[in-house]
Amino acid sequence: MLFPVPDRVRDVRDAVHAFMTERVEPAEPALNAGDREKLLKLRREAKDEGLWALGHPTELGGGGMPFLDYVYINEVQGRSEWGQLALGTFTLQDSLMLHKYASPRWRERYLAPMVAGEVSPSFAMTEPDYAGSDPTQLRTRAVLDGDHWVISGRKWFTTGAGEAAYTTVMCRTEPEDASPHRSFSMIIVPTDTPGYEIVRETPVLGLNGGHYEVAYNDVRVPADNLLGPRGHGFVIAQERLGPGRIFHCMRWLGQAQRAFELMCARLGSRVAFGEPLSAKQLMQQHVFDSYTEIQAARMLTLQAAERIDAGDQARVEIGAIKVVGARMLHNVIDRAIQVHGAAGLTDDTPLSRMYRHAREARIYDGPDEVHIQSTARRILEQLG
């Protein structure tokens, strides 16, 4: 542990850490190969041990852990890409969004089963033909026809669509001359609706990570499938993405910490030119740089979490840590691979897979360049 954990969360954090290191991480080869029964077994164990859905509100059937406490748990959960699915937290953002904005019919249909891990959600925003960094260009459209929305367009990187019960679709519902940030709405589309067509699972750096391209061929859904007020899609998206970026950053810390531990173990066990690698000054540089980058990113992340917990939107803090955290993750894993040499390029260690996922972090939920520009502009406005 490289920083103090509050006493109020230490016991449950230790329990989650043990669950991750003793059960989830050893199961990764089977999970990566698609062993569904192994995942279901881990889920049952998490529920039996009181570790399931810790960040979900109690009224939804979750652990009710406060936001600031949960970020400490989210870090150790992030040691493996399977942590969210094994511990029932993958649905947190969708559960909160549905709970706050959906009609009673959809809350009753999806909320409890989703928190229990019985059904999965998915979220569709990005489109293949338009710059994802500028969502005002989105062209998927929904037209109100009587008491139904008719949705036409194409989305991709809809994570989990292959198993999801429904997809929340961001689409234009207002005329072209409307204010860009009041032109879009979110609509719930059950995945068995006629016209909802999964085109392909999109490979990402050689991984089939559950990201799908989906066509909406005149999909008709009832008008009350609208999530929140009409034209408020960007407002809802911001509420979803802000805390979600903190969750990403905490999980990245868990991944980086794991890579750091693997690197240090390798340095202590490998001998070259008559002495351990740990005695080499250039190897020590890797340790120093990784330690300081992890610590700096952790402090920035906790600062952002404290601001959100206090009711602030924390846009500067979130923009900063999204960039710094993604870079830190890539750098630490890259050094760990370098220390492992040829072995780091293989699947004999988790580093190869971790490295590819780390590269994604600089793009999803907004590319670095957008966060740098918007964060710097806000800082200049505050100080000008």
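Basis of the calculations
- Residues numbered from 1 in each chain as written.
- Predicted model: local features only at pLDDT ≥ 70, side-chain atom pairs only at ≥ 80, totals over all residues.
- Heavy atoms only, no water.
- UniProt positions renumbered as here; feature names shortened; annotations may be inferred.
- 1 Å grid on protein atoms, 1.4 Å probe; cavity = no way out; pocket = protein on both sides within 12 Å on 5 of 7 lines; lining within 4 Å.
- Points joined across faces, edges and corners; volume = space filled by probe spheres on them.
- Helix = DSSP H or I, 4+ residues; strand = E, 2+ residues; numbered from the N terminus.
- Nonpolar A, V, L, I, M, F, W, Y, C, P; charged D, E, K, R; others polar.
- Domains from an automatic or database assignment.
- Core = buried A, V, L, I, M, F, W, Y, C linked by side-chain atoms within 4.5 Å.
- Buried < 20%, exposed > 50% of the residue type's maximum accessible area, 1.4 Å probe, protein only.
- Contact = heavy atoms within 4.5 Å.
- Buried area = accessible area lost by both parts, 1.4 Å probe.
- Salt bridge = Lys/Arg side-chain N within 4 Å of Asp/Glu carboxyl O.
- Polar contact = N/O pair within 3.5 Å; in protein donor to acceptor, adjacent residues only side chain to side chain.

The name recorded for the chain in an unreviewed UniProt entry is Alkylation response protein AidB-like acyl-CoA dehydrogenase, from Actinomadura coerulea. According to its UniProt record, the chain has this under Cofactor (unreviewed entry): "FAD". Here the chain is described in UniProt, under the heading Sequence similarities (unreviewed entry), as follows: "Belongs to the acyl-CoA dehydrogenase family."

Colleague: In this structure, what is going on with the layout of surface pockets? I would like to understand it.
Modeller: Over the atoms a probe the size of a water molecule is rolled, and this reveals where empty space is left. In this structure, the second largest pocket spans a volume of roughly 650 Å³. Lining the second largest pocket are 27 residues, and of these Leu96, Glu239, Arg240, Pro243 and Ile308 lie nearest its centre. Looking at the lining of the second largest pocket, the elements with two or more residues in it are helix H4 (67-77), helix H6 (92-101), helix H8 (233-269) and helix H10 (315-340). Counting residues per element, the lining of the second largest pocket draws most heavily on H8, at eight residues. Tallied by class, residues from the lining of the second largest pocket come to 15 nonpolar, seven polar and five charged. If you count residues domain by domain, the lining of the second largest pocket takes at least three from each of domain 1 (7-98) and domain 3 (234-381).

Colleague: What exactly am I supposed to notice about the UniProt feature "domain: Acyl-CoA dehydrogenase/oxidase N-terminal" (unreviewed entry) in the chain here?
Modeller: The UniProt record annotates "domain: Acyl-CoA dehydrogenase/oxidase N-terminal" (unreviewed entry) at residues 10-118. Taken end to end, residues 10-118 is 65% helix and 0% strand, and its two terminal C-alpha atoms sit 29 Å from one another.

Colleague: Please clarify how the UniProt feature "domain: Acyl-CoA dehydrogenase/oxidase C-terminal" (unreviewed entry) in the chain should be interpreted in this entry.
Modeller: Feature annotation in UniProt places "domain: Acyl-CoA dehydrogenase/oxidase C-terminal" (unreviewed entry) on residues 231-380, given in this structure's numbering. Split by type, residues 231-380 is 77% helix and 3% strand. Its first and last C-alpha atoms lie 30 Å apart.

Colleague: What's the story with the nonpolar core in this structure? I'm lost.
Modeller: The nonpolar side chains of a soluble globular protein tend to be buried, and buried together. Judged by nonpolar contacts, the single largest core of 83 residues is most densely connected at Val71, Leu98 and Ile246. Ranked by the residues each element gives to this core, the list is headed by H8, at 14 residues. Residues in contact with Val71, not counting those within four places in the same chain, are Ile246, Met250, Leu302 and Ala305. Judged by nonpolar contacts, the second largest core, of 16 residues, contains Ala124, Ile151, Val169 and Cys171.

Colleague: Please explain the domain arrangement of the chain as it appears in this structure.
Modeller: How big an interface is tends to be reported as the loss of accessible area on association of its parts. Split into domains, the chain comes out as domain 1 (7-98), domain 2 (121-227) and domain 3 (234-381). The C-alpha-based centres of domain 1 and domain 3 are spaced at 20 Å. Around 2,100 Å² of area is buried between domain 1 and domain 3 when both sides are counted, 55% of it from carbon and sulfur atoms. Among the ionic pairs, Glu261 bridges to Arg79, the shortest N-O distance being 3.1 Å. Taken together, the connections running from domain 1 to domain 3 amount to 14 residue pairs in polar contact (both at pLDDT 80 or more). Only helix H2 (28-32), H4 and H6 provide two or more residues apiece to the side of domain 1 that touches domain 3. The greatest single-element share of the side of domain 1 that touches domain 3, amounting to eight residues, is contributed by H4. Class assignment for the residues of the side of domain 1 that touches domain 3 results in seven nonpolar, seven polar and six charged.

Colleague: When you look at the pattern of salt bridges in this model, what are you seeing that I'm missing?
Modeller: Pairs may arise between side chains of opposite charge once their charged atoms sit close together. Taken as a whole, this structure holds 29 salt bridges when the rule is applied. Here Arg258 and Glu25 are joined by a salt bridge, their closest N and O atoms 3.4 Å apart. Placement of the pair is Arg258 in helix H8 and Glu25 in the loop between helix H1 (7-24) and H2, with a sequence separation of 233 residues. With a shortest N-O distance of 3.0 Å, Asp94 and Arg240 are connected by a salt bridge. Of this pair, Asp94 sits in helix H6 while Arg240 sits in helix H8, placing them 146 residues apart in sequence.

Colleague: Looking at this model, I keep getting lost on the environment of Asp94. Mind explaining?
Modeller: Looking at Asp94, the relative accessible area reads 5%, which means it is buried. For Asp94 and Thr167, which are 73 residues apart along the polypeptide, the C-alpha to C-alpha distance reads 9.9 Å.

Colleague: Looking at this structure, I do not really get unusual backbone geometry. What am I missing?
Modeller: For residues that are not glycine, phi is negative in most cases, and the peptide bond is trans in most cases. Despite not being glycine, Leu205 shows a phi value in the positive range, around 50°. Take Leu205: it is sitting in the loop between strand E6 (196-201) and strand E7 (211-222). For Ala314, which is not a glycine, the phi torsion comes out positive at approximately 50°. The residue Ala314 is located in the loop between helix H9 (281-309) and H10 in this model. On the basis of relative accessible area, Ala314 is assigned to the buried category, the value being 1%.

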